[in-house]
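Structural characterization, general
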Amino acid sequence: MSATPAHPPAQATEEPDCLVERHGQVLVVTLNRPAKRNALSAEMMAIMKQAWDQVDEDDDIRACVLTGAGGAFCAGADLKAMTSSHPGDTTEGRDLSVIEPLLKGRRLTKPLIAAVEGPAVAGGTEILQATDIRVAGRGARFGVSECKWGLFPLGGSAVRLPRQIPYTLAAEILLTGRHLTAEEAKEIGLIGRVVPDGEALSTALELAEAVAANGPLAVRAILRTMRETEGMPENDAFQVDTRLGLEVFRSADAKEGPRAFAEKRTPHFRGR
Ligand SMILES: C[C@H](/C=C/C(=O)SCCNC(=O)CCNC(=O)[C@H](O)C(C)(C)COP(=O)(O)OP(=O)(O)OC[C@H]1O[C@@H](n2cnc3c(N)ncnc32)[C@H](O)[C@@H]1OP(=O)(O)O)[C@H]1CC[C@H]2[C@@H]3CCC4=CC(=O)CC[C@]4(C)[C@H]3CC[C@]12C
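So, here is what we can say about the structure in this document. (Residues numbered from 1 in each chain as written. Predicted model: local features only at pLDDT ≥ 70, side-chain atom pairs only at ≥ 80, totals over all residues. Heavy atoms only, no water.)

**Remarks on the overall build of the protein chain**
The helix and strand inventory of the protein chain stands at 10 helices and nine strands. Taking 272 residues into account, the globule formula puts the C-alpha radius of gyration at 19 Å, and the protein chain, at 19 Å, falls close to it. Dimensions of the protein chain, computed from the C-alpha atoms along their principal axes, are close to 60 × 45 × 40 Å. Counting every position in the protein chain, which comprises 272 residues, the buried fraction comes to 47%. A sequence separation of at least 24 residues applies to 65% of the contacts in the protein chain between residues at least 6 apart. (Helix = DSSP H or I, 4+ residues; strand = E, 2+ residues; numbered from the N terminus. Rg over C-alpha atoms; globule rule 2.2 N^0.38 Å. Buried < 20%, exposed > 50% of the residue type's maximum accessible area, 1.4 Å probe, protein only. Contact = heavy atoms within 4.5 Å.)

**Section: the sheet that holds strand E9 (residues 193–195)**
As a general point, the strands of a sheet are linked pairwise by backbone hydrogen bonds and lie either parallel or antiparallel. Read across the sheet, six strands follow the order E1-E2-E3-E4-E6-E9 without closing on themselves; strand pairing throughout is mixed. Each having just a single partner strand, strand E1 (18–23) and E9 make up the two edges of the open sheet. Averaged over all neighbouring strand pairs, the angle between strand axes comes to 20°, with direction disregarded. Two strands pair when backbone bridges link them, and E1 and strand E2 (residues 26–31) are joined in this way by six bridges, in the antiparallel orientation. Across the sheet, the residue bridging to Val 20 is Val 29, located in E2. Along the sheet, helix H1 (residues 42–57) makes contact with E1, E2, strand E3 (63–68) and strand E4 (112–116), crossing E2 at roughly 170°. Against the sheet, helix H7 (residues 200–213) touches E1, E2, E3, E4, strand E6 (133–137) and E9, its axis set at about 165° to E4. (Pairing = 2+ DSSP bridges. Axes fitted to C-alpha atoms, helices over the stretch in contact; angles between N-to-C directions.)

As structure tokens, then:
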């Protein structure tokens, strides 16, 4: 269990733009540019991609929490940096249908839980849509505000948002760029939980630990099924559901669970 504090103190100059810490079987990724409300940087995005690779490659990591430092989640792309180095000038010949740091065109194989305090706007709400469970402090703010600056939500929101919330609300959010309160975000289903300010990370860690205690094969198969069957006709989807589900039922873990129940003890899942 890492002794590192979940909420690092105010950023010292030598701190990286993104912190990655182990909490048992949970990896906590903290966007760490609090002076800029955790606006994205190249360094931050490089560490994010490394963290996603670590989550997918290490079987002992069973869930991941994404949060921000200094009472903010993420203010999206660094607009000030854009005045001197604009992404539009470096996109020639690049396939931006996959932007791994923002989990566009890539999904983690383990559950990703967002712990949001303060602003999660533009790129912040874009990456939020790649998370599975979402917890926000009451003062959190959301929105996809790229259009306010003549930009496009290249993090995937024009595709994902209408699939995650009602069309007309997605259209309003994408086309006006306005910000939403945490209560409004919960009301429309963009997030699942609103907690008192300052409690999003502790709540997200509790949820992550609950997930990590469950059968890892079952958790990953449920996640895969939810994602791979999105938009499929029901009967085709049940083919995927059954194939992945039977792989779980045929595992040693699927025998360990009922045995542990009968013996009145905690299951010891080995992921096989
Ligand atoms: C498309 C993807 C995303 C794009 C975007 O996100 S556009 C940015 C939109 N952001 C906003 O609209 C938020 C602006 N900020 C605010 O509204 C407010 O600051 C706040 C609500 C966030 C907070 O308000 P506050 O009152 O609490 O605090 P403030 O006083 O306002 O701010 C405090 C302090 O922070 C500074 N600050 C805040 N926000 C920002 C910001 N966004 N940028 C810079 N600085 C910010 C503020 O100025 C204050 O500072 P101070 O000095 O004290 O005055 C893109 C995302 C990633 C891109 C990819 C990156 C990799 C690539 C590289 C290439 O070369 C090719 C393309 C690409 C793949 C690229 C593609 C596009 C992306 C996917």
